[in-house]
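Reading the structure
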Amino acid sequence: MNLSIQSESPRYATTGILVLASFLGSCSSGGGDDQGPGGEDLEQLVSQLRGVITAQSIQPVPDAPSLSADLVELGRALYFDKEISGNRDVSCATCHLASRAGSDARTLPSGVGGSGLGPDRLAGAMVPRHSPVNLNSFHGQAMFWDGRVEFRPPPGGGPPELMTPAGVAMDATITGVFTPGLETLAAQAILPPTSRAEMRGEIGESELGDIVDGNFTEIWDAIVARLVSFPAYVGMFQDAYPGLLVGDIHIGHVGNALAAFEASELQCTDSPFQAFLEGDDLALTATEIRGALEFFSPASRCTVCHSGPFFSDFNFHNIGLPQLGPGKGNGLGSNDDFGRENVTGLAQDRYKFRTPSLLNVALTGPYGHAGQYSTLSSIVAHYRNVATALDDYNIMDHVTNPDLIATQVANQTEVLANLAPSLANPLQFSVTDVTAFLESLSATDALDLSGIVPPSVPSGHTIDL
Ligand code: HEC
Ligand code: HEC
């Protein structure tokens, strides 16, 4: 990636400034922040954190698999091209904006039919879950808030298998072209164009919208038919997959290229904390180190779930968040979201969601599976006493869209009944320090992703960024 901090660009101003400030702060560890509350100096804090890192064997983020440049270029074009949406009005980038570190800075995304971008986007179809950051998604384990695409050993043991949502006909022809290591990303990537709200649109709007729900094969074939009508795309597919005949191009090739682009170009790990892990003792401020010590301490419980180099166990937990928005058709009013239960059918999985990675988390608010908390410190504060936080939650503090304000579901009792055991009691930690630590997980190369945007796409459509 060829990236630089472009603070003169107004597009980057809102997300950039805060983070830039914390990044600069990180470089000047000597600046007034070098004494802990007990008078510990920075050197002591550094050695304490080094001790924890060794004891818990905390590792830097590994590199993504290396991929052919032609495959990445095809994926880049597809990612930014609205041609794969029914009305040719939405691309992947519409909800995963390069200017917003791969998210959209909205409570809930606005899909087909919308105009404008990010928080200013109006009138599009409302999507029930928050657009997660898709940086560093090459971990390859569980995709989506409910993990409905997974690559893991089956419950009975054995080699990892790709698991896709029930009813999705992803046969061996499709999955057979997925690059090893990219299975979940590739399978994930061919699903958004099948969603009416996200990309496909309604009956009567386009040949993609006219296809009956659930007929995945027909939708995918129609998308491929559109793409191969552009000679430039045919050339790119044949460069990416040498020897591939036009008639043999299928949606698996599309998904695999999107995955290659995401793994290679949306890999943003050069954060102050990563620098510290790689040996730079001056990479973190005293506040960030104190926050790290609290984060990694058993008292805060954070690493019960946010573990490993990606800060996720890729497992499913109920952390007691309120529910808002159109929901997933669950509960009395059909606007609740049962999370993992929708995948497994098990009542014990109700309100459980996949632990999100915390890499670059400061860049990608709002937070939670429905964007319930508007700021990082507010979701961190939630953990100090989950039951009280849920009872006291005031949607007006976090949500500006008037259509959403009336949608909060009165499910507090049910949510708390199935809360993660580790969050049942109040937890002791400093919200300020832990938030500062989380800010140190922001990568410099995530601040300006303009280098990943192609100058144009084969269809000639405008590019959302
Ligand atoms: C209308 C907005 C929208 C569009 C368009 C969209 N996405 Fe997403 N994306 C989302 C939302 C919302 C989720 C989470 C959905 C869920 O978990 O149920 C998501 C999830 C993801 C994830 C999983 C991230 C994770 O950590 O689990 C990836 C990767 C991703 N999208 C990539 C893509 C690609 C590639 C495209 C284009 C083919 C695309 N998205 C189009 C909104 C969108
Ligand atoms: C029991 C497991 C568990 C524990 C313990 C836990 N988390 Fe989480 N965390 C999750 C899950 C699951 C989510 C997503 C929940 C949802 O959206 O419904 C989440 C979401 C978050 C988010 C929002 C991320 C985003 O992109 O929206 C932040 C920030 C966060 N956790 C920080 C922390 C901190 C700090 C601690 C310790 C004080 C902590 N977590 C403890 C499982 C856990």
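Every chain is numbered independently, its residues counted from 1 as its sequence is written. Think of it this way: whatever chain is written first is A, whatever ligand is written first is 1, and the rest follow in order. In keeping with the predicted nature of the model, local features appear solely for residues at pLDDT of at least 70, side-chain atom pairs appear and are counted solely at 80 or more, and the whole-chain, interface and lining totals rest on all residues. Neither water nor hydrogens contribute to the side-chain values; these are computed over all heavy atoms in the structure.

Note the following rule: UniProt positions are given in the numbering used here, feature names are shortened, and annotations may be inferred rather than shown by experiment.
Naming follows an unreviewed UniProt entry, where the protein chain appears as Cytochrome c551 peroxidase of Saltatorellus ferox. Entered under Subcellular location (unreviewed entry) in the UniProt record, the comment concerning the protein chain runs "Cell envelope".

1. Section: the overall build of the protein chain
Which entries qualify depends on this criterion: Under the scheme used here, helices are H or I runs from DSSP no shorter than 4 residues and strands are E runs no shorter than 2 residues, and both carry numbers assigned from the N terminus. As defined in this context, the radius of gyration uses C-alpha atoms, and a globule is described by 2.2 Å times the residue total to the power 0.38. Type-normalised accessible area, obtained with a 1.4 Å probe on protein chains alone, sets the label of each residue: buried when under 20%, exposed when over 50%, and partly exposed for intermediate values.
The helix and strand inventory of the protein chain stands at 20 helices and five strands. Relative to the compact-globule value of 23 Å for 465 residues, the protein chain shows a C-alpha radius of gyration of 22 Å, a close match. If one aligns the C-alpha atoms of the protein chain with their principal axes, the spans along those axes are about 70 × 50 × 50 Å. Looking at the 465 residues of the protein chain, the share that counts as buried comes to 55%.

2. Focus: the domain arrangement of the protein chain
For clarity, the cut-off: Domain start and stop points were drawn from an automatic or database domain assignment. Buried area is understood as the total, over both parts, of accessible area removed when two parts are fitted together, assessed with a 1.4 Å probe. By definition, a salt bridge exists where a carboxyl oxygen of Asp or Glu is found within 4 Å of a side-chain nitrogen of Lys or Arg. Note on residue classes: Ala, Val, Leu, Ile, Met, Phe, Trp, Tyr, Cys and Pro are nonpolar, Asp, Glu, Lys and Arg are charged, and everything else, Gly too, is polar.
We note that the domain assignment places domain 1 (10-62 + 272-445) and domain 2 (69-267) within the protein chain. Measuring from the centre of the C-alpha atoms in domain 1 to the corresponding centre in domain 2 gives 27 Å. Counting the surface lost from both domain 1 and domain 2, the interface buries some 2800 Å², and carbon and sulfur atoms represent 59% of this. The interface formed by domain 1 and domain 2 includes two salt bridges. With a closest N to O distance of 2.9 Å, Glu-150 and Arg-340 form a salt bridge. Mapped onto the side of domain 1 that touches domain 2, the elements with two or more residues apiece are helix H1 (10-27), helix H14 (341-344) and strand E5 (353-354). Here the element with the most residues in the side of domain 1 that touches domain 2 is H1; it accounts for four residues. Its residues placed into classes, the side of domain 1 that touches domain 2 shows 17 nonpolar, 14 polar and six charged.

3. Some remarks on the site of ligand 1
Using the following cut-off: Proximity criterion: a residue is near a molecule or strand once any of its heavy atoms comes within 4 Å of it. Polar contact is the term for a pair of N or O atoms within 3.5 Å; when the atoms are in protein, one must be able to donate a hydrogen and the other to accept it, and sequence-neighboring residues count only if both atoms are side-chain atoms.
Near ligand 1 you find 25 residues, and of these Cys-92, Cys-95, His-96, Phe-144 and Trp-145 are the closest. Backbone polar atom of Phe-144 to an oxygen atom of ligand 1: 2.6 Å apart, as the coordinates give it. Secondary structure elements with two or more residues in the shell around ligand 1: helix H4 (92-95), helix H6 (183-189) and helix H7 (196-200). Top contributing element to the shell around ligand 1 by residue count: H6, with three residues. Here the residues of the shell around ligand 1 are counted per class, giving 13 nonpolar, seven polar and five charged.

4. Overview of the environment of Gly-279
By secondary structure assignment, the location of Gly-279 is in the loop between helix H11 (272-277) and helix H12 (286-295). Spatially, the C-alpha atom of Gly-279 lies 9.3 Å from that of Arg-50, the residues being 229 residues apart in sequence.

5. Some words on the coordination of the iron atom of ligand 1
Put simply, the rule is: Because water is not among the atoms used, a metal site may look incomplete, as its donors are only the N, O and S atoms within 2.8 Å, or 3.2 Å for Na, K and Ca.
Exactly one donor from the protein chain reaches the iron atom of ligand 1: His-96 (NE2), at 2.1 Å. Locating His-96 in the fold gives a position in the loop between H4 and strand E1 (142-143).

6. So, the coordination of the iron atom of ligand 2
Heads up, the condition is: Metal sites are grouped by the angles between bound donors: all angles between 85 and 135 degrees with four donors is tetrahedral, opposite donors over 155 degrees apart with the others between 65 and 115 is square planar for four donors and octahedral for six, and any other pattern is irregular.
Bound to the iron atom of ligand 2 on the protein side are His-306 (NE2) and Tyr-383 (OH), at distances that span 1.9 to 2.1 Å. One way to put it: the six donor atoms around the iron atom of ligand 2 meet at angles of 85 to 179°, and that makes the site octahedral. Of the two residues, His-306 is situated in the loop between helix H13 (302-305) and strand E4 (316-317) and Tyr-383 in the loop between helix H15 (376-382) and helix H16 (386-392); the sequence distance between them amounts to 77 residues.

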